[in-house]
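# Close look at the chain arrangement
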Amino acid sequence: MKELVLASNNLHKIEEIRSILTDYKILSLNDIGFNFEIDEDQDTFEGNAEKKAYTIYKYCNKPTIADDSGLCVDKLSGEPGVYSARYSSTGKDYDNIQKVLKKLNGEESTARFISVISYVNENGEVFNFRGEIEGKIINELRGNNGFGYDPIFYVEDYKKTFAELTSEEKNKISHRNRALQKFYDYLKEI
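Residues numbered from 1 in each chain as written. Predicted model: local features only at pLDDT ≥ 70, side-chain atom pairs only at ≥ 80, totals over all residues. Heavy atoms only, no water.

Named according to an unreviewed UniProt entry, the chain is dITP/XTP pyrophosphatase originating from Gemelliphila palaticanis. If you open the UniProt record of the chain and go to Sequence similarities (unreviewed entry), you find "Belongs to the HAM1 NTPase family." For the record of the chain, the UniProt heading Subunit (unreviewed entry) holds the text "Homodimer." (UniProt positions renumbered as here; feature names shortened; annotations may be inferred.)

Compared with an ideal rise of 1.5 Å per residue, which puts 12 residues at 16 Å, helix 4 (residues 93-104) spans 17 Å between its outermost C-alpha atoms and is within 8% of the ideal. For helix 4, the set of buried residues is N96, I97, V100, L101 and L104. Each buried residue of helix 4 lies within a common arc of 135° when the element is viewed along its axis, so the set occupies one face. Exposed residues on helix 4 whose side chains face more than 90 degrees from its buried face are Y94 and K102. The inward-facing, buried residues of helix 4 abut strand 3 (64-73), strand 4 (109-120) and strand 5 (126-137). N105 occupies a position one or two residues after helix 4 and carries a positive phi of about 50°. (Helix = DSSP H or I, 4+ residues; strand = E, 2+ residues; numbered from the N terminus. Expected span 1.5 Å × (residues − 1). Buried < 20%, exposed > 50% of the residue type's maximum accessible area, 1.4 Å probe, protein only. Arc of directions from axis to C-beta. Contact = heavy atoms within 4.5 Å.)

Now the structure itself:
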């Protein structure tokens, strides 16, 4: 089984990616002994994902993937965007959600989750794969599954928030799944 290093220790991301890329052994940062912080200082999802993937590739010299993802709310001019994980002063999911809801001031808004997967192959070449899912931000937290902004991200086709979907349902339609499917199709081609 081929190995891919995932530039993350986020258990939710690791589980989701392992459930999609079942033909590969996915190694986390813990698995390769990398315990440094990579500063996500780029202004695009692509920039942050590339920086993380290439940093880890240089560390371990193995094919690496990194994800940068976030929520873009239309009525907030695309915020929180690349700052999704650290939108509030604490960076905690609940506080990030509360900041979005406070800024929307009771209004609902169309929004999208975006995920960019950057892949650095064994030759150090970088490729990006982008996935998006459209939805809307609702004014109440609903559901106990998922993480991040899932309790307020409503998907019309399912009439549920991401946090009300099962893991299997979410993984089928998520922004990360869509990016990973593009990446997986690319791997099959080569």
